[in-house]
Amino acid sequence: MGTFAWNRVGFGAELAVVHTDRGLRARGWALGAEPEPYTSHYTLATDESWATVSLEIQTEGEGWARSLRMTRKSARDEWKVRASETGTLNGSPAGSEYPERIVDALDVDIAFSPLTNTLPIRRLDLLNQPVGAEFELNVAFVQLPSLSVISNEQRYAVAGDGEIGYRSGDYRVQITVDREGFVVDYPGLATRDQR
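**Q** Help me get a handle on the overall build of the protein, residues and values and all.
**A** Each helix and strand counted, the protein has 1 helix and 14 strands in total. C-alpha extents for the protein along the principal axes are approximately 50 × 35 × 35 Å. With 195 residues in all, the protein has 50% of them scored as buried. Summed over all atoms, the accessible surface of the protein reaches about 9,900 Å², with 47% contributed by carbon and sulfur. Of the side chains in the protein, 20 bear a positive and 28 a negative charge, and the two mean positions are spaced by 5 Å.

**Q** Give a description of the environment of serine 74 that names residues and reports values.
**A** With respect to the helices and strands, the residue serine 74 is situated in the loop between strand 6 (64-71) and strand 7 (80-87). Distance from serine 74 to aspartate 47, taken between C-alpha atoms, is 7.4 Å for residues 27 residues apart in sequence.

**Q** Which residues make up the nonpolar core, and what are the values?
**A** One finds Leu24, Leu55, Met70 and Leu115 to be the most contacted residues of the largest nonpolar core, which totals 49 residues. Broken down by element, the residue count for this core peaks at 5 residues, all from strand 9 (residues 134-142).

**Q** Please give an account of the layout of surface pockets that cites residues and values.
**A** Of the volumes computed, that of the largest pocket is approximately 260 Å³. Lining the largest pocket are 13 residues, with Phe112, Phe141, Tyr166, Tyr171 and Tyr186 sitting closest to its centre. For the lining of the largest pocket, the elements supplying multiple residues, two or more each, are strand 8 (108-110) and strand 11 (163-168). Of the residues in the lining of the largest pocket, the class split is 8 nonpolar, 4 polar and 1 charged.

**Q** Would you mind going over the side chain of threonine 59 in detail, with residue names and values included?
**A** Here threonine 59 lies in strand 5 (residues 52-61). Among the residues examined, threonine 59 registers a relative accessible area of 2% and is labelled buried. Looking at threonine 59, its side chain comes within polar contact range of the main-chain oxygen of proline 145, at 2.9 Å. Contact partners of threonine 59, with chain neighbours within four places excluded, come to Thr39, Ser40, Trp64, Ala65, Arg66, Leu144, Pro145 and Leu147.

**Q** Describe the pattern of salt bridges, with residues and values.
**A** Going through the model one piece at a time under the given rule, you end up with 8 salt bridges. Of the charged contacts in the structure, one is a salt bridge between arginine 123 and aspartate 107, with a shortest N-O distance of 2.7 Å. Placement of arginine 123 in helix 1 (residues 118-123) and of aspartate 107 in the loop between strand 7 and strand 8 is noted, with a sequence separation of 16 residues between them. A residue is classified by how much of its surface remains accessible, and aspartate 107, at 1% relative accessible area, is buried. The salt bridge involving arginine 155 is made with glutamate 136; its shortest N-O contact spans 1.9 Å. Within this pair, whereas arginine 155 is found in strand 10 (residues 149-160), its partner glutamate 136 is found in strand 9, the two being separated by 19 residues in sequence. Judged by its relative accessible area of 57%, glutamate 136 is exposed. Residues joined by salt bridges that share partners form a network here, namely Glu134, Glu136 and Arg155.

**Q** Talk me through the pairing of strand 10; I want residue IDs and the actual numbers.
**A** One ladder, built from 9 bridges, connects strand 9 with strand 10; its direction is antiparallel. Bridging from a neighbouring strand, alanine 140 pairs with serine 151 of strand 10. The loop that links strand 9 with its antiparallel partner strand 10 comprises 6 residues; one of these, leucine 147, has a positive phi angle of about 65°. Bridge count between strand 10 and strand 11: 5 bridges; the pairing is antiparallel. By the bridge assignment for strand 11, tyrosine 156 is matched with tyrosine 166.

About the thresholds
- Residues numbered from 1 in each chain as written.
- Predicted model: local features only at pLDDT ≥ 70, side-chain atom pairs only at ≥ 80, totals over all residues.
- Heavy atoms only, no water.
- Helix = DSSP H or I, 4+ residues; strand = E, 2+ residues; numbered from the N terminus.
- Buried < 20%, exposed > 50% of the residue type's maximum accessible area, 1.4 Å probe, protein only.
- Areas by Shrake-Rupley, 256 points an atom, 1.4 Å probe, with all protein chains shown as cover.
- Lys, Arg positive; Asp, Glu negative; His and termini not counted.
- Charge placed at Lys NZ, Arg CZ, Asp CG, Glu CD.
- Core = buried A, V, L, I, M, F, W, Y, C linked by side-chain atoms within 4.5 Å.
- 1 Å grid on protein atoms, 1.4 Å probe; cavity = no way out; pocket = protein on both sides within 12 Å on 5 of 7 lines; lining within 4 Å.
- Points joined across faces, edges and corners; volume = space filled by probe spheres on them.
- Nonpolar A, V, L, I, M, F, W, Y, C, P; charged D, E, K, R; others polar.
- Polar contact = N/O pair within 3.5 Å; in protein donor to acceptor, adjacent residues only side chain to side chain.
- Contact = heavy atoms within 4.5 Å.
- Salt bridge = Lys/Arg side-chain N within 4 Å of Asp/Glu carboxyl O.
- Pairing = 2+ DSSP bridges.

Right, dumping it as structure tokens:
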């Protein structure tokens, strides 16, 4: 078990309580300011191979609240996606408008969350892959604070000892991780307090 705290660049933070005995089980809380101030709470679980099997997340801001539940029995099953919302939040509706596009997504990626980068890093055993090894993934990307779920093509590459290259579209960054694959520094997004 471990507790991880990240400070976001600008305004925001994330705290996650993590268990890694058989895959990952995590509870997390986050604050953000863009596109408007919000708070979120999530529970996340993977199977023993680190493929995501469930995500429950809630967001709340002034005059609105949203919730999302994504589940499946195993990585071979289709996602079941349920969402609800109250109040008014500008932007996309919660949930997935095209769930067929995330059928083969083994990982979820919560926007602005360094924790969810660990999922493919561990599932693909990137810390034991040779420098230059690259993997292209279709990920179920959960936008914050809307909780809209979209298919997102991402690429992970081993850049060096504890260094992982990440790319999505034109966006590229080199992430520093610890020996367990948890993000220490995500330039432009967040850094982790290691006290």
